[in-house]
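Close look at the chain arrangement
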Amino acid sequence: MKIIIINGSARKGNTLTAINALIKGASEKNEIEVIEPDKLQIAPCKGCGACQCHKGCVDNDDTNPTIDKIAAADMILFTTPVYWWGMSAQLKLVIDKCYCRGLQLKNKKVGVIAVGGSPVDSIQYELINKQFDCMADYLSWDMLFQKSYYASEKTDLAKDENSLKELEDIGKNL
Ligand SMILES: Cc1cc2nc3c(=O)[nH]c(=O)nc-3n(C[C@H](O)[C@H](O)[C@H](O)COP(=O)(O)O)c2cc1C
């Protein structure tokens, strides 16, 4: 599969650790690219609607090349630190821009990884997962997994061998 991973974190911390653990398992059988919104120039969606009658987004920045990559992938992996009970602005920025190619994103395989500084029974993970469930329903996505991890300090997840193993195994099964 061609897998696009969107890294919703700007720091080299837990989200990146989760991504790397999954890649370790998945890289042999899949073609993987990680998109780092924080390193790109992507203006927030203005809701101008021009994309609905023209090809792509009118913003002359990294939006269209980024959405092209997502549209060409077999699987999209959304990853995010929990910020204020929700996904990060970096990830939401890219998701909002997917509006310009919405229907071309139908029927993708999808995974979600959220990492937060609160235990996994906290409502924040449920809120994030519900939002992705709604997107999956709207775009007929095949939701392969939704995983939540409790890691607060930058290196916490890297010390959590069970979670790293779980992520590597998820990768191996892709
Ligand atoms: C702006 C901001 C908001 C945050 N909000 C939450 C929150 O609502 N719930 C939570 O559990 N952790 C919250 N955190 C903690 C991060 O989710 C946590 O440290 C996570 O491991 C960061 O992932 P990273 O290392 O990949 O950046 C917040 C952190 C920041 C910087």
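Keep in mind that this is a model prediction, so the values were computed, not measured.

1. Some thoughts on the sheet that holds strand β4 (residues 109-116)
What links the strands of a sheet is backbone hydrogen bonding, and the strands pair in either a parallel or an antiparallel sense. Strand order in this open sheet of five strands is β2-β1-β3-β4-β5, and the pairing throughout is parallel. Of all the strands in the sheet, the pair left with one neighbour each is β2 (31-35) and β5 (142-150). Put simply, the sheet's adjacent strands are angled 15° from each other on average, direction ignored. Of the strand pairs in this sheet, strand β3 (residues 75-81) and β4 are connected by seven bridges, and their pairing is parallel. Within β4, the residue paired with M75 across the bridge is K109. Set on the sheet, helix α3 (residues 89-97) makes contact with β1 (2-7) and β3; between it and β3 the angle comes to about 145°.

2. Let's talk about empty space enclosed by the protein
Summed over all chains, the structure comprises one cavity of 30 Å³ or more. The computed volume of the largest cavity comes to approximately 110 Å³. For the largest cavity, the full set of lining residues is C45, K46, G47, C48, G49, C51, C57, V58, D59, K97, Y99 and C100. Broken down by class, the residue content of the lining of the largest cavity amounts to seven nonpolar, two polar and three charged.

3. Side note on the side chain of R101
Structurally, R101 is set in the loop between α3 and β4. If we skip the residues at most four places from it in the chain, R101 touches I67, D68 and A71.

4. Some thoughts on the UniProt feature "domain: NADPH-dependent FMN reductase-like" (unreviewed entry) in the chain
Per the UniProt annotation, the sites labelled "domain: NADPH-dependent FMN reductase-like" (unreviewed entry) are residues 1-124. Overall, residues 1-124 shows 27% helix and 21% strand. The separation of its end C-alpha atoms is 30 Å.

5. What to know about the site of the ligand
Taken together, 17 residues lie around the ligand, and S9, T15, V82, Q124 and A151 are the ones closest in. Contacts to the ligand include T15, whose side-chain N or O atom sits 2.6 Å from an oxygen atom. Take G117: an N or O atom from its main chain is 2.9 Å from an oxygen atom of the ligand. If the ligand stood free it would expose 640 Å²; the protein chains cover 76% of that surface. Put simply, the parts of the chain that give the shell around the ligand at least two residues each are α1 (14-26) and β4. Considered class by class, the residues forming the shell around the ligand number seven nonpolar, nine polar and one charged.

Parameters at a glance
Residues numbered from 1 in each chain as written. Predicted model: local features only at pLDDT ≥ 70, side-chain atom pairs only at ≥ 80, totals over all residues. Heavy atoms only, no water. Pairing = 2+ DSSP bridges. Helix = DSSP H or I, 4+ residues; strand = E, 2+ residues; numbered from the N terminus. Axes fitted to C-alpha atoms, helices over the stretch in contact; angles between N-to-C directions. Contact = heavy atoms within 4.5 Å. 1 Å grid on protein atoms, 1.4 Å probe; cavity = no way out; pocket = protein on both sides within 12 Å on 5 of 7 lines; lining within 4 Å. Points joined across faces, edges and corners; volume = space filled by probe spheres on them. Nonpolar A, V, L, I, M, F, W, Y, C, P; charged D, E, K, R; others polar. UniProt positions renumbered as here; feature names shortened; annotations may be inferred. Near = heavy atom within 4 Å. Polar contact = N/O pair within 3.5 Å; in protein donor to acceptor, adjacent residues only side chain to side chain. Areas by Shrake-Rupley, 256 points an atom, 1.4 Å probe, with all protein chains shown as cover.

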